[in-house]
Amino acid sequence: MVERVRAVDQPQRERIRDDLKGILRGELLFDDLSCILYSTDASIFEVRPAGVVVPRDEEDVQALVRYAAEQQVPLVPRGAGTGLAGEALGDGLIVDLSKHFRGILDVGADTVRVQPGVVYRDLNRELARIGRRFAPDPSNIECTVGGMLATNASGTRAFRHGFTRDHVLRLHAVLDNGDAVDVGRQSRWPTAAEWRVKDGMFPPSSGRLDDIISSVVTLLEQYAETIAACRPRTRFHRCGYLLHDVLDMESLDLARLLVGSEGTLALFTEATLRTIPLPGGRAVALFGFARLDEALRAAQLASATGPAACDLIDHRLLRLARGSHGTVAELVPPAVEAVLLIEYESDTPAGATQLANDLANQLYRCERLALLAHVASDEPACQRLWQVREAVLPSLYGLRGQTQPLAFVEDVGVPPELLPGYLHRVQEVLQRHEITASYLIHAAAGQVHMRPFVEWRGPEDAARLWTLADEVYDIVLDLGGTISAQNGTGLARTPWVSRQAGPLFSIFRELKSIFDPRHLLNPGKIVGLPSAAPTWPLRRLATHQRAGSVSDGSTGETPTPPSAVAYASGSSMREEECNRCNGCGECRTESPAQRMCPIFRATHDEAATPRAKANLLRHLLQPDTDPHLLSSDDVRAVADLCVNCKMCAHECPARVNVPKLMLQVKAANVAEHGLDRTDWAMARTEEFALLGSALAPLTNAVLDNPLARWLLEKLFGLSRRRRLPAFAGRSFLRRAYHRGWTRKPRSARPRVAYFVDVFANYNDPLLAESIVAVLHHNDIEVYVPPRQGGCGMAPLAYGDVETAREAVESNLLILADLAREGYPILCSEPTAAVMMRHDALDLLDDPDARLVAAQTVESTAFLWDLYQQGNLRTDFQPLPFAVGHHVPCHLKALGRTPVGSALLSLIPQMRVHTIDVSCSGMAGTYGLKAENYETSLAAGRPMLEQLRRPHVLFGSTECSTCRIQMEDAASVRTLHPAQYLALAYGYLPELRRRLLQPIRHRGIR
Ligand SMILES: Cc1cc2nc3c(=O)[nH]c(=O)nc-3n(C[C@H](O)[C@H](O)[C@H](O)COP(=O)(O)OP(=O)(O)OC[C@H]3O[C@@H](n4cnc5c(N)ncnc54)[C@H](O)[C@@H]3O)c2cc1C
Ligand code: SF4
Ligand code: SF4
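Here's what I pulled together on the structure shown here. (Residues numbered from 1 in each chain as written. Chains lettered and ligands numbered in written order. Predicted model: local features only at pLDDT ≥ 70, side-chain atom pairs only at ≥ 80, totals over all residues. Heavy atoms only, no water.)

## With respect to the overall build of the protein chain
Phase 1 of the analysis: Check the secondary structure of the protein chain and you find 45 helices and 29 strands.
Phase 2 of the analysis: Here the protein chain has a C-alpha radius of gyration of 30 Å; the compact-globule value for 1005 residues is 30 Å, and the two agree.
Phase 3 of the analysis: By principal-axis analysis of the C-alpha atoms, the protein chain measures approximately 95 × 70 × 60 Å.
Phase 4 of the analysis: The buried share of the protein chain, taken over its 1005 residues, is 62%.
Phase 5 of the analysis: When contacts within the protein chain are restricted to residue pairs at least 6 apart in sequence, long-range pairs at least 24 apart make up 75% of them.
Phase 6 of the analysis: As displayed, the protein chain offers around 37500 Å² of accessible surface, 52% of which is attributable to carbon and sulfur atoms. (Helix = DSSP H or I, 4+ residues; strand = E, 2+ residues; numbered from the N terminus. Rg over C-alpha atoms; globule rule 2.2 N^0.38 Å. Buried < 20%, exposed > 50% of the residue type's maximum accessible area, 1.4 Å probe, protein only. Contact = heavy atoms within 4.5 Å. Areas by Shrake-Rupley, 256 points an atom, 1.4 Å probe, with all protein chains shown as cover.)

## What about a nonpolar patch on the surface?
Phase 1 of the analysis: Together, L691, L695, L698 and V702 make up an exposed nonpolar region whose accessible area comes to about 350 Å².
Phase 2 of the analysis: By the element assignment, L695 lies in the loop between α29 (685-694) and α30 (696-704). (Patch = residues over 30% accessible without salt bridge, like charges linked within 9 Å, V, L, I, M, F, W, Y side chains within 5 Å. Salt bridge = Lys/Arg side-chain N within 4 Å of Asp/Glu carboxyl O.)

## Here we look at the sheet that holds strand β26 (residues 882-886)
Where strands meet in a sheet, backbone hydrogen bonds hold them as pairs that are either parallel or antiparallel.
Phase 1 of the analysis: With parallel pairing, four strands are arranged side by side in an open sheet as β27-β26-β28-β29. In this open sheet, the two edge strands, each paired with only one partner strand, are β27 (911-915) and β29 (974-975).
Phase 2 of the analysis: Here five bridges tie β26 to β27, and the two strands are oriented parallel to one another. Within the sheet, the bridge partner assigned to A882 lies in β27 and is R911.
Phase 3 of the analysis: Sitting on the sheet, helix α42 (residues 933-947) is in contact with β26, β27 and β28 (954-957), with an inclination near 165° to β27.
Phase 4 of the analysis: The sheet strands contacting helix α43 (residues 960-970) are β26, β28 and β29, and the helix crosses β28 at an angle near 165°. (Pairing = 2+ DSSP bridges. Axes fitted to C-alpha atoms, helices over the stretch in contact; angles between N-to-C directions.)

## Looking at the environment of A229
Phase 1 of the analysis: One can find A229 in helix α9 (residues 224-229).
Phase 2 of the analysis: Here the alpha-carbon distance between A229 and L418, two residues 189 residues apart in the chain, equals 21 Å.

## Points about the site of ligand 1
Phase 1 of the analysis: As a structural note, the neighbourhood of ligand 1 is formed by 36 residues, with P77, G79, T82, T144 and S154 the closest of them.
Phase 2 of the analysis: Contact between ligand 1 and S139: an oxygen atom at 2.8 Å from a main-chain N or O atom of the residue.
Phase 3 of the analysis: Protein contacts shield 98% of the accessible area of ligand 1, which totals 970 Å² for the unbound molecule.
Phase 4 of the analysis: For the shell around ligand 1, the secondary structure elements donating two or more residues are β3 (75-78), α5 (145-151), β12 (267-274) and α16 (392-397).
Phase 5 of the analysis: A total of five residues in the shell around ligand 1 trace back to one element, the largest contributor, which is α5.
Phase 6 of the analysis: Partitioning the shell around ligand 1 into residue classes produces 18 nonpolar, 15 polar and three charged. (Near = heavy atom within 4 Å. Polar contact = N/O pair within 3.5 Å; in protein donor to acceptor, adjacent residues only side chain to side chain. Nonpolar A, V, L, I, M, F, W, Y, C, P; charged D, E, K, R; others polar.)

## Considerations on the side chain of T494
Phase 1 of the analysis: By secondary structure assignment, the location of T494 is in helix α19 (residues 490-501).
Phase 2 of the analysis: Reaching out from T494, the side chain makes a polar contact with the backbone nitrogen of I526 at a distance of 2.8 Å.
Phase 3 of the analysis: Among residues more than four places away in sequence, those in contact with T494 are T489, G524, K525, I526, V527 and G528.

## Side note on the pattern of salt bridges
Phase 1 of the analysis: Per the counting criterion, the structure on display carries 73 salt bridges.
Phase 2 of the analysis: Linking D19 and R15 is a salt bridge whose minimum nitrogen-to-oxygen distance equals 3.5 Å. Residue D19 and its partner R15 are both found in helix α1 (residues 10-21); the two are separated by four residues, about one turn of the helix.

## A closer look at the site of ligand 3
Phase 1 of the analysis: Around ligand 3, a shell composed of 13 residues is seen, among which C597, C642, C645, K646 and C648 lie nearest.
Phase 2 of the analysis: Of the residues that constitute the shell around ligand 3, the class distribution is ten nonpolar, one polar and two charged.

## So, the sheet that holds strand β1 (residues 27-29)
Phase 1 of the analysis: Taking strand neighbours across the sheet as the criterion, the four strands line up as β1-β2-β4-β3 in an open arrangement whose pairing is mixed. Each of the sheet's edge strands pairs with one partner strand only, and the pair in question is β1 and β3. Direction aside, the axes of adjacent strands within the sheet are offset by 20° on average.

## So, the environment of P55
Phase 1 of the analysis: Following the sequence through the fold, P55 ends up in the loop between β2 (51-54) and α3 (58-71).
Phase 2 of the analysis: On the accessibility criterion, P55 (1% relative accessible area) is buried.
Phase 3 of the analysis: Along the sequence, P55 and E672 sit 617 residues apart, while their C-alpha atoms lie 36 Å from each other.
Phase 4 of the analysis: Beyond its immediate chain neighbours, meaning those up to four positions away, P55 contacts G26, D60, V61, V95, D96, L97, H100 and F101.

## Observations regarding the packing of aromatic side chains
Phase 1 of the analysis: Under the counting rule described, the total for this entry stands at 19 aromatic pairs.
Phase 2 of the analysis: Both rings, one in W496 and one in W536, keep their centres 5.7 Å apart while their planes meet at 55°; by these two values the pair is tilted. Of the two residues, W496 sits in helix α19 while W536 sits in the loop between α20 (504-515) and α21 (562-569), which places them 40 residues apart along the sequence.
Phase 3 of the analysis: The ring of F159 carries R235 above its face, with NZ or CZ at 5.7 Å from the centroid. (Phe/Tyr/Trp six-rings, centres within 6.5 Å; stacked < 30°, edge-to-face > 60°. Lys NZ or Arg CZ within 6 Å of the ring centre and 35° of its normal.)

## A look at the pairing of strand β15 (residues 309-313)
Both faces of the sheet carry side chains from a regular strand, because those side chains alternate between them.
Phase 1 of the analysis: Counted residue by residue, β15 has five buried out of five residues, so it is predominantly covered.
Phase 2 of the analysis: With burial as the criterion, each face of β15 is covered, one bearing A309, D311 and I313 and the other bearing C310 and L312.
Phase 3 of the analysis: Relative to strand β16 (residues 338-346), β15 runs antiparallel, the two being bridged by five bridges. Counterpart to I313 in the pairing with β16 is V339.
Phase 4 of the analysis: Taken together, the three bridges between β15 and strand β20 (residues 437-442) define a ladder with antiparallel strand orientation. Looking at the pairing, I313 lines up with L440 of β20.

## Focus on the packing of helix α36 (residues 801-820) against helix α38 (residues 847-855)
Phase 1 of the analysis: In the contact formed by α36 and α38, the axes pass within 9 Å of each other and the chain directions differ by 60°. As for how α36 packs across α38, the hand of that crossing is left-handed. Residues L812, L815, A816, A819 and R820 of α36 touch α38, and the partners they reach there are D848, A849, L851, V852 and Q855.
Phase 2 of the analysis: Classifying every residue of the contact of α36 with α38 by side-chain character gives seven nonpolar, one polar and two charged. (Left-handed = near helix turned anticlockwise from the far one by under 90°.)

By themselves, these figures tell us nothing about what the structure is for.
The structure is reproduced here in structure tokens:
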């Protein structure tokens, strides 16, 4: 019997880290915080690893495995950590292959060779360029190919395209002794010439592989009858090791055997995958039914017609999605209790449409099963119908409150014809437990994704959930189904594998012993450990009981100013907020259609993900965590990886407000330690700008001087490589005073109060003047409140809550009365609008703040509304050049459709290219810091690349710090859209001169 590998204790941990330092080139993350960040995935489980290794290349992996074998240290390979069953959790060393193994090595005519860290979404985007795809389609497209291989992933279209296993040709894998081997379908006699002679030489490490091949062949032959007799009844079965279809008279397909082994047999370092053409045509049909059983009957009829996908969505999911997604409400009326989404693929669009129309005829007209039918044959219409399915998970994840839709029995499969009986019996179980559940069913394949709505309080619920799972699995097994049809076995289902596998289970164990006799590779998964206790390590949740216990910065006896503590402590919402992160990993996306998370995109570090930050806070807000940790510098270092772009709060399906949580962490740190010199300088941009403007000739000369910039870097951490915008000698507020704009208008014409903010006031008064010129040209009075200050976002971003709050309070004194008088508060700086509309409400619980928030409007949105109402003059002179308009993150964070490009398009002959691909990387003052310079450029690279394209002459953006990045890093002159409008109206000709000024004289004077 195999000994259970002992958990790694603290002294051992330190020794391992020190040993590995001398052996590996990759990163070693052995500190407590890193371990916390890797202790969860997308499952409901939590296991603290002993450490995390991020290997740089295959040699690192080999060296690590050899070391682990010598020292008896368990290894847990990990991709994106999106597993729903806790497959990538363990108390050994996590091996994160998602960072350095991201290469798509070779794209052939019908194959592709990749490293395991390649993200599925990126792979298919690359393959689409040559009209091909990797066919398995898990609905979480941020997972890695390594994770897909290890879990034998499949998706909605599995009915047509099968599992990952069906699309793998070869694997490069590191075996338990550190040998790196190439496996695929190969001779079952390992000494055959193809394995012995490679370029005239023996493969360097074939010995262990030879042993494995002969032992596996012997094992499979010995138990051939049992394996044949136990062939799963359901086609869609992925639980345990898949022993069928790997051995024939001539060959053993080791790659096929290893796929689905969840990191328990070997670590994959490369894979050659089969690709298939993109479909020549596809059509989608959506059917609505008054009853679930009618939808199930319809699904059976549909499956006989060979669909690619056949998804059933139940009434609970529909109700949620209807409430949160306009398209669902439009397509699916409340009378519909279940929806079937059927997709056909064909060689031609007409072929697919014909199949969808035939089915619609059958279900809607002939059988009269469906209440409604929509058929879509062109791409946008197909995508619109799929939105019903896509809206489901975010609306589930977005649910507030303690009762949550948990994934722990979400992966069962039964023979499709038995689905009605299964659902009926499960319903009885749920009723007994007084629980409801939602269902998403791949009906043609019989795969049921059920999410019971459970009141979840943390680990104490393990026994309750376990009992429920046990009863559900009883039914599944009774019906000849599988407890794992798609997602993974992991911690969630390993305890039931022996019941599922029956006589196969002992073969599983022998197989594990052949590959990994020491049980060091992802122990406890699939075959479990002999001494494994029947319990689940459920995630611990943040609790509210310690709210307000932020350290006050000294001995714990002197009270911190109550307001700083209040902000840092937040309310009970803070705990709920971080508990709501389910670990789905969507925030690891690098999709150009999304923005989160610029720093993760630049670094590929798990710590940079919004998920990591939510995990961190969940840990910090647990009763037994040292309260001082919240304000510690280690925690602050993770929080500093958030640049407050707010894009994850906008795009995360569960709407976790990570930037707010991180501002609270920074505030706690500042409350205890104060600001360091660099942060202090960055938080004081307004004061520096005031001074810089007052002494403009001197400051500008200093900023142009390399020696002075070097000194600024040494003193304040300001990157000497940044060429900063020059200061204007006369601020806009002073100019406004002289022009009478700081007096309240008396006419009855429409009017606005203009909130200028720092950059337009001190660096680019011509921006503010453009706003005034454009509004005046449209007969709108502009009042510039004279004593306004900066919005306060710069200090807030560094955790200096008191300074930020003072800024907000002092502006409110001026703006609240104006808001009461009905003035719209117009901001040309999106960040200022974000501050007034959102962050100010977190800083101050004040009705005036809410009033001003409601009246605040960003300038391009205001102008576009004028245009929509027919009140914007369009007497523009042509501007015959091409402009690349970058959409800033904070503009998106305001929640309205960005309209900068649309406004610019009103100017005759201006060719506008919208650049909506990434953060600029500047992120307020983040990119000004020397330590962030490279990351800032990397985060902004997609945008900068678009801006540098030859067809773009000038840049445009609403955000002033994005603009600094665009001018500095892409050397493209950039203006605010309002400046182009002013120019086109015939005002401010100096803007034209500025555009023509060579970028090396980069001052915006
Ligand atoms: C919202 C949501 C929807 C999902 N939908 C689907 C779906 O439709 N279909 C589906 O199949 N799954 C689905 N999943 C589950 C999950 O996304 C898949 O299992 C995915 O393949 C895991 O990939 P990963 O990169 O995140 O791997 P991880 O979760 O990091 O790891 C998964 C397993 O792979 C092993 N592993 C990772 N890399 C390697 C390697 N290089 N060598 C050896 N072992 C390795 C790990 O040890 C672990 O056992 C979903 C998850 C979520 C959160
Ligand atoms: S932060 Fe949001 S997107 Fe990221 S893992 Fe958590 S729930 Fe998913
Ligand atoms: S706010 Fe932006 S930088 Fe911060 S975690 Fe979210 S996406 Fe990343």
